[in-house]
Amino acid sequence: MAATTIWIPFLAGLLAGLGGTEAQQTTLHPVVGRLFVHTLDRETFLRLPEHVAVPPTVPVTYHANLQGHPDLPRWLRYTQRSPHHPGFLYGSPTPEDRGRQVIEVIAYNRDSFDTTPQRLVLLIRDSEGPLLPYQAEFLVRSHDVEEVLPSSPASRFLTALGGLWEPAELQLLNITSALDRGGRVPLPIEGRKEGVYIKVGSASPFSTCLKMVASPDSHARCAQGQPPLLSCYDTLASHFRVDWCNVSLVDKSVPEPADEVPTRGDGILERDPFFCPPTEAAARDFLTDALVTLLVPLLVALLLTLLLAYVMCCRREGRLKRDLATSDIQMVHHCTIRGNTEELRQMAASREVPRPLSTLPMFNVRTGQQLPPQVDSAQVPLILDQH
């Protein structure tokens, strides 16, 4: 009863707090075909006074989903390294995702178990800038996806890549973790990273250096374990370790030929001199085949049954035949032994002799004298000392 008295006010206060919590709403404007990154900071969700700083040791985790659905849309991904690090929503929307999408985010304070909701209204629109038909994707093995999602590392990568792709105005198109592309989780050794794929687009053609890296000769050298063909200075080496054997270039400046639409015909095949259609099969009576299939195994089984019955029932020797085959002397000897044994048993059962002393409970082996009845047999040894 005391426990009920304690829990009722607690649940009432919890429900009142949840009822009074209103989800914050933020409007964002992702662009089709461009990288979208939104950081989930603890400062945004933890409702503290302005003059109070958020403690860095407060663990906070997030759960995000599309409104009315249990998961995020297919173009949007969520990642967070640990409860003490910020979370990220990132991805690249496609033309099919154009429009309005509402993302519901709930922050969980792992210390106080408080929850704070937030709504992100995504107004996805088309790109207003120039087209980026030249796209290159690089595998950076020295970073995790959370380390390149902030604006500072991403800008540093574009600046360093500009030394290999000149003159070009580079833009980030997409960032994908290597684990989402079939990569393996690295060993827990210092310096090992998961790796991240960074896709960059530009309106300027590829440089000669990038074309040489992605050439078939360079891939052939990588397959043999040799370094790829890199004719220019690697300006990314100071901050990023790029796997030049996993560089892919896509040129969308040349439109792809449209697929030919198949022409519908009348459904009648043209006459082919080499095609011989099968003739109509004559009617057949399968009664004979069915009888043979069923009766032959039954007859064989019946014959085997009769043979087994003859062997077991008609070929037995019997007791009379065994007695006739045994000599008279052996039969008399056998009957004499059985008769004598029965006679001895009857004599032993009918004799009246005193009980052997060895079977009595207490006795003296030397004199044969039994103990008096007043002696406690539990205190006397089994065989008395012979004096």
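Note that the coordinates shown come from a computational prediction; the quantities given were computed from them, not determined experimentally.

Participant: I would appreciate a short explanation of the state of the cysteines in the present structure.
Facilitator: Covalent bonding between the sulfur atoms of two cysteines is what defines a disulfide. Applying the stated rule across the entire model yields 2 disulfides. Between the sulfur atoms of Cys 209 and its disulfide partner Cys 232 the distance amounts to 1.9 Å. Negative torsions about the S-S bond denote left-handed disulfides, and the value of about -65° found for Cys 209 with Cys 232 makes this one left-handed. Here Cys 209 is found in helix α5 (residues 208–213), whereas its partner Cys 232 is found in the loop between α6 (216–223) and β11 (242–251), with 23 residues between them in sequence.

Participant: How should the sheet that holds strand β3 (residues 60–66) be read in this particular structure?
Facilitator: Within a sheet, each strand pairs with its neighbour through backbone hydrogen bonds, oriented either parallel or antiparallel. Ordered by their spatial adjacency, 4 strands build an open sheet running β1-β7-β6-β3, and the pairing between neighbours is mixed. One side of each edge strand has no neighbouring strand; the edge strands of this open sheet are β1 (24–28) and β3. On average, each strand axis in the sheet is tilted by 25° relative to the strand beside it, whichever way the strands run. Examined bridge by bridge, β1 and strand β7 (residues 115–124) share 5 bridges and lie parallel to one another. In the sheet register, Gln 24 faces β7, and the bridge partner there is Gln 118.

Participant: What should I look at first to understand the packing of aromatic side chains in this one?
Facilitator: Each aromatic ring pair is summarised here by two numbers: the centre-to-centre distance and the angle between the ring planes. All told, the structure shown has 6 aromatic pairs when counted by the stated rule. The interplanar angle of 85° and the centroid separation of 6.1 Å between the aromatic rings of Phe 138 and Trp 244 together place this pair among those described as edge-to-face. Here Trp 244 lies in strand β11 and Phe 138 lies in strand β8 (residues 134–140), a separation of 106 residues in the sequence. Just as Phe 138 is buried, Trp 244 falls in that class too. Between Trp 165 and Phe 206, the aromatic rings sit 5.2 Å apart at their centres with planes inclined by 35°, giving tilted as the arrangement. Of the two residues, Trp 165 sits in the loop between α4 (151–161) and β9 (171–177) while Phe 206 sits in the loop between β10 (196–202) and α5, which places them 41 residues apart along the sequence. Neither Trp 165 nor Phe 206 differs from the other in exposure class; each is buried. Stacked on the ring of Tyr 197, the Lys or Arg Arg 181 has its end atom at 4.2 Å from the ring centre.

Participant: Hey, could you run me through the nonpolar core in this one?
Facilitator: One broad trend across soluble globular proteins is that nonpolar side chains are buried collectively. Ranked by internal contacts, the top residues of the largest apolar core, which has 32 residues, are Phe 138, Phe 157, Leu 161, Trp 165, Val 200, Leu 236 and Trp 244. Secondary structure elements with two or more residues in this core: β5 (87–91), β8, α3 (145–148), α4, β9, β10, α5 and β11. Looking at which element gives the most residues to this core, the answer is α4, with 5 residues. Leave out the neighbours within four places in its chain, and Phe 157 touches Phe 138, Val 140, Ile 198, Val 200, Leu 236 and Phe 240. Of all hydrophobic cores here, the second largest spans 21 residues; its members include Phe 45, Val 60, Val 105 and Leu 122.

Participant: What is the right way to read the sheet that holds strand β4 (residues 76–80) from this model?
Facilitator: One open sheet accounts for 3 strands, arranged β2-β5-β4; its pairing is antiparallel. The outermost strands of the open sheet, each flanked by one partner alone, are β2 (36–40) and β4. If you compare each strand with its neighbour and ignore which way they point, the axes differ by 20° on average. Sheet topology places β4 next to β5; 5 bridges connect them, and they run antiparallel. Residue pairing across strands places Thr 79 opposite Phe 88, the latter belonging to β5.

About the cut-offs
- Residues numbered from 1 in each chain as written.
- Predicted model: local features only at pLDDT ≥ 70, side-chain atom pairs only at ≥ 80, totals over all residues.
- Heavy atoms only, no water.
- Disulfide = S-S within 2.5 Å.
- Helix = DSSP H or I, 4+ residues; strand = E, 2+ residues; numbered from the N terminus.
- Pairing = 2+ DSSP bridges.
- Axes fitted to C-alpha atoms, helices over the stretch in contact; angles between N-to-C directions.
- Phe/Tyr/Trp six-rings, centres within 6.5 Å; stacked < 30°, edge-to-face > 60°.
- Buried < 20%, exposed > 50% of the residue type's maximum accessible area, 1.4 Å probe, protein only.
- Lys NZ or Arg CZ within 6 Å of the ring centre and 35° of its normal.
- Core = buried A, V, L, I, M, F, W, Y, C linked by side-chain atoms within 4.5 Å.
- Contact = heavy atoms within 4.5 Å.

In short, geometric facts, not functional conclusions.
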